[in-house]
Every structure is written in structure tokens, then in C-alpha cells.
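Chain by chain, the residues run as shown.
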Amino acid sequence: SGRMGGALIRLSVANPKTTLVGATARPSSTALGTDAGTSAGIDSLGIPITDDLNTAFANADVVIDVTPKGSTKHHLHIAQKHNTKIVIGSTGLSDTEEQHIAHTAQYIPIVYTSNFSIGMNTLFAVCEKISPVLSADKFQVHIDETHHIHKQDAPSGTALSLGKYVAKGRKHDFTSVYKYQSVRQTDADITFTDNRQGEVIGDHTVSFKSVLESLHLTHTAHKREVFADGAIYAGIWLNDNKPNGLYTMRDVLGLNL
């Protein structure tokens, strides 16, 4: 019933490769009982929004989960129970929740990503590839992100992923170099700032700065549909006889630079 959910409903109905079979919301949602199509701003679909997760998961080949953090473990349990493939785009998950995703992927196929956009996932790959060249002894890294005022987690999951790919490329432990709202202590540290403004969909900039030059890599999301489109693409890919396991959008897109 949220903005991302509405985009998923609209695009899944429009996509000839997918059929919408259910739409769910939290038990406290005022959208329960309303038509999924009407809720998303299109014609009625005859599919009511429900909190009956078991029925929804049982009827689906793939479930796309973009709910706020806190419900992922419950959704994984139901997906495993019904042997339903799941695409997870929830952000701000704890290490324990991510470990639970990895554990459940032994039993069902899962795509888990902090960002569904093709452009951003290309940037993930680029950051990992170039970070050893732009090494910590010469270049300091700063990641800045801006989102709408409704976003709850900070820095964004996408910003954290960008930092993790930089650290991975440099063979650094991300937890050791991650600095949010604190002072840089070593040249290897990756610093973060976040901004919450209006209805900004998502802007991210990775800056590599030395005393002689700077390189700034920026991704801007213009419409929320870019994430819904990528999530549906991931669901179609996952449903194509993929074995049990944990996948990322880089796997979906074949981005092995």
C-alpha cells in the first residue's frame, strides 16, 4: 500500500511476463480490504489487499518484499514454508537479519539487494573494480546520499553497499573503515553523510579525493519505478529454474566486471 508497493502493482500488471496474484500489507494498515489496483491508482484488479501472508505466498511463484525492516525474518519463514522464491529489497537490516537471509537461501532461491536499479548496480561493480587503483594511500573516499524526508534509515542501504564494494575492492574490512557522523581517523576510512529533503527519490555520490585530483561518481534516480522495474526483472530471473542460493542484482544483471 506504500509508494513502492503501488509502483510494483502498476508495473507487474503492465509486464506481459508477470501476473499479479496477491498484495499484502501489515495488519494495522488502513488499506486492508481495498482493491490492489485502485490502491495503486489504476483500474480495479479484483485483488484485495490482505494481511493473509500464508495464502499470498502459497499462490505465488515469487514474492517481492520491500517492507520496512523488522518483518524480514517472518517473511523468510513463510517463504520457506511454502517453497516460494523471494526477492528482498528491504534496507537497514541488521547483521542478524542478513545472516538469516543467507541461512534461508540454503532452502529457497533468494535475491537480496539494497537497490534494484540497473545504473546503481553498475556503479556497485565500478566502485569495486576501481577502488584498488584509487588506493587508500592516495585517495580518500566519501559517500554522500540524499533521500526524501520519509526515509527512516540513515545512511541509506545503498550508500552502505557502495562503501562495502569500495572496501571489498581494497580488501579492507568495512566495519573497520566505516565512519558515519564521526571524524576520519585514517586515510583508509570511508566517511558518510546523509540528507533528507522533500520527495527526493535517491541521489548518491562516491568521491575519491587526493591532493592532486578528485573523481566523483554520481547516480540519480528520477522515478521510483526504476526500483520496481528492477525488482520485477529480478523476480522473472529468479523464477527461471534458479537453484537454491543467495543472489544479488549483479547476478541478475550479469555484472561481473
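Note that the structure is predicted; figures quoted are calculated from it, not measured.

Draft legend 1. Summary view of the overall build of the protein chain. The secondary structure content of the protein chain amounts to ten helices and eleven strands. The C-alpha atoms of the protein chain give a radius of gyration of 19 Å, which matches the 18 Å a tight globule of 257 residues would have. Taken over the C-alpha atoms alone, the protein chain extends approximately 60 × 40 × 30 Å along its principal axes. Taking as baseline every contact in the protein chain between residues at least 6 positions apart, the subset at least 24 positions apart corresponds to 68%.

Draft legend 2. Inspection of the sheet that holds strand 9 (residues 202-209) at higher detail. Ordered in space as 7-8-6-9-10, the five strands form an open sheet in which the pairing is mixed. The sheet is open, and its two edges are formed by strand 7 (178-180) and strand 10 (214-221), each paired on a single side. Here the average twist between neighbouring strands, direction ignored, is 20 degrees. Inspection of the sheet shows strand 6 (residues 140-147) paired to strand 8 (residues 190-196) by seven bridges, in the parallel sense. Residue pairing in the sheet places D144 in a bridge with T193 of strand 8. Lying on the sheet, helix 6 (residues 118-130) is in contact with strand 9 and strand 10; it crosses strand 10 at an angle near 160 degrees.

Draft legend 3. Here's a closer look at the pairing of strand 8. Across three bridges, the pairing between strand 7 and strand 8 is parallel. Looking at the pairing, Y178 lines up with I190 of strand 8.

Draft legend 4. Local environment of the environment of V211. Tracing the chain through its elements places V211 in the loop between strand 9 and strand 10. According to the relative accessible area criterion, V211 is exposed, its value standing at 84%. Separated by 99 residues in the primary sequence, V211 and Y112 have C-alpha atoms spaced 37 Å apart.

Draft legend 5. Spotlight on the side chain of H204. For H204, the location among the structural elements is in strand 9. Among the residues examined, H204 registers a relative accessible area of 2% and is labelled buried. Those residues in contact with H204 that lie beyond four places of it in its chain are M120, D144, E145, H147, S156, T158, A159, L162, L217, T218 and H219.

Draft legend 6. Geometry of the side chain of D153. Topologically, D153 is positioned in the loop between strand 6 and helix 7 (157-170). At 3.1 Å, the side chain of D153 forms a polar contact with the side chain of T91.

Draft legend 7. Quick peek at the packing of helix 1 (residues 3-14) against helix 9 (residues 225-238). At a minimum axis separation of 9 Å, helix 1 and helix 9 run at an interaxial angle of 55 degrees. It follows that helix 1 is oblique to helix 9 by the angle criterion. For helix 1 against helix 9, the interelement crossing comes out right-handed. Taken together, the residues of helix 9 that come into contact with helix 1 (itself represented by M4, A7, L8, R10, L11 and S12) are E225, F227, A228, D229, A231 and I232.

Draft legend 8. The arrangement of the packing of aromatic side chains in detail. For the coordinates displayed, the defined rule picks out five aromatic pairs. Chaining the aromatic ring pairs together yields one cluster made of F174, Y178 and F192. We note K242 situated over the ring of W237; from NZ or CZ to the ring centre the distance is 4.4 Å.

Draft legend 9. Fine view of the sheet that holds strand 3 (residues 62-65). Reading across the sheet, the four strands line up as 3-4-5-11 and stay open at both edges, with parallel pairing between neighbours. Only two strands of the sheet have a single partner each, and these edge strands are strand 3 and strand 11 (245-247). On average, each strand axis in the sheet is inclined to that of its neighbour by 15 degrees, with strand direction left out of account. As defined by bridge partners, strand 3 adjoins strand 4 (residues 85-88) across four bridges and the pair is classed as parallel. By the bridge assignment, I64 is partnered in strand 4 with V87. Helix 4 (residues 72-81) contacts strand 3, strand 4 and strand 5 (109-112) of the sheet and is inclined by roughly 160 degrees relative to strand 4. Seen against the sheet, helix 9 touches strand 3, strand 4, strand 5 and strand 11 and runs at an angle of roughly 155 degrees to strand 4.

The rules behind these values
- For every chain, the first residue of its written sequence is number 1, and the numbers climb from 1 along that sequence.
- Note on the predicted model: pLDDT of at least 70 is required for a residue's local features to be given, and 80 or more for side-chain atom pairs to be given and counted; whole-chain, interface and lining totals, by contrast, use all residues.
- Values reported for side chains reflect all heavy atoms of the structure, with hydrogen atoms and water molecules removed beforehand.
- Secondary structure elements follow DSSP: runs of H or I no shorter than four residues count as helices, runs of E no shorter than two count as strands, and numbering proceeds from the N terminus.
- Here the radius of gyration uses the C-alpha set of atoms, whereas the globule reference equals 2.2 Å times the residue count to the power 0.38.
- What makes two residues a contact is simply this: any of their non-hydrogen atoms within 4.5 Å.
- Pairing between two strands requires that DSSP report at least two bridges joining them.
- Angles run from 0 to 180 degrees between N-to-C directions of axes, and those axes are lines fitted to C-alpha atoms, restricted for helices to the stretch in contact.
- Under the scheme applied here, a residue whose accessible area is under 20% of the maximum for its type counts as buried, over 50% as exposed, and between as partly exposed, the area being computed with a 1.4 Å probe on protein chains only.
- Here a polar contact is recorded for every N or O atom pair within 3.5 Å, except that within protein the pair must consist of a potential hydrogen donor and a potential acceptor, and residues adjacent in sequence are included only if both atoms are side-chain atoms.
- Angle categories: roughly parallel below 35 degrees, roughly antiparallel above 145, roughly perpendicular from 65 to 115, and oblique for all the rest.
- Here a crossing is taken to be left-handed if its near helix is turned anticlockwise relative to the far helix by less than a right angle, and right-handed if that turn runs clockwise.
- What counts as a ring pair is set by centres within 6.5 Å for rings of Phe, Tyr and Trp (its six-membered ring), and what kind of pair is set by the plane angle: stacked under 30 degrees, edge-to-face over 60, tilted for all other angles.
- Geometrically, a lysine NZ or arginine CZ counts as sitting over a ring once it is within 6 Å of the ring centre and also within 35 degrees of the ring normal.

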